[in-house]
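Summary of the model geometry
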Amino acid sequence: MLNGTAEGVYPRGYHRPVSHDPHFDLPPSAWVQRWLAWIRPGGAVLDVAAGSGRHARLLARMGFEVDAVDRDASLFAEVPPNVAVLQADIEAGAWPYEGRRFDAVVVTHYLHRPLLPVLVDSLERGGILIYETFAQGNERFGKPSNPAFLLAPGELLEAVRGKLRVLGYEDLTIEQPRPAAIQRLAARRE
């Protein structure tokens, strides 16, 4: 099976270069893992800014049909069955999943504010948004430190207010895998 990208088509199993991104070889997020049981068994899941595919791989092993999108698909080596990788610049181009609905949308270590309502609208009834990224205060720990990439207090809650039911939310400082200020949200379309 082939994976289509904005810049080419790669066969499943194609080996791509290893990244020097500090998040490249992290294990799947404990926050993401906590909420996986809420996803409809065998459902369609979108992994946004998938990077090396740590969450897409986990989801595929659990039997979900996964779409993984990133602006650099070369980070995602050895694409497993049940995963379709799309290379697309979702900040500059059209939303490549227009009209598609997912049983879950997973986002970690990524923030593009104009995309938040699109992600909420991409959920099926019963679908869950699982989101975890950096928050204001992270600048004291290093990158990211640009306010454009840091959530304001309560920003994820505001993004889903009146649209999704919040199942879990945290705004805190963590120590592992490295010190960071983060926000986490799990919210469901009723």
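Before any of the text, the structure's been laid out above.
Here is a short report on the structure shown in this document.

Points about the environment of A68
Within the fold, A68 resides in strand β4 (residues 65-70). We classify A68 as buried; its relative accessible area is 1%. Sequence separation of A68 and R57 is eleven residues, and the distance between their C-alpha atoms is 9.7 Å. Apart from residues no more than four positions distant in its own chain, A68 is found in contact with D47, A50, A56, F76, V83, A84, V85, L86 and Y97.

With respect to unusual backbone geometry
For the peptide bond that leads from K143 to P144, omega is -10°, which places it in the cis range. Checked against the element boundaries, P144 lands in the loop between β7 (123-134) and α4 (155-160). Each neighbour pair has its own omega, and for Q176 with P177 the value is 5°, a cis peptide bond. Not every positive phi belongs to a glycine, and A49 is a case in point at roughly 55°. By the element assignment, A49 lies in the loop between β3 (44-48) and α2 (54-61). Non-glycine residue E78 carries a positive phi angle of around 50°. Along the chain, the position of E78 falls in the loop between β4 and β5 (83-87).

Parameters and conventions
- Residues numbered from 1 in each chain as written.
- Predicted model: local features only at pLDDT ≥ 70, side-chain atom pairs only at ≥ 80, totals over all residues.
- Heavy atoms only, no water.
- Helix = DSSP H or I, 4+ residues; strand = E, 2+ residues; numbered from the N terminus.
- Buried < 20%, exposed > 50% of the residue type's maximum accessible area, 1.4 Å probe, protein only.
- Contact = heavy atoms within 4.5 Å.

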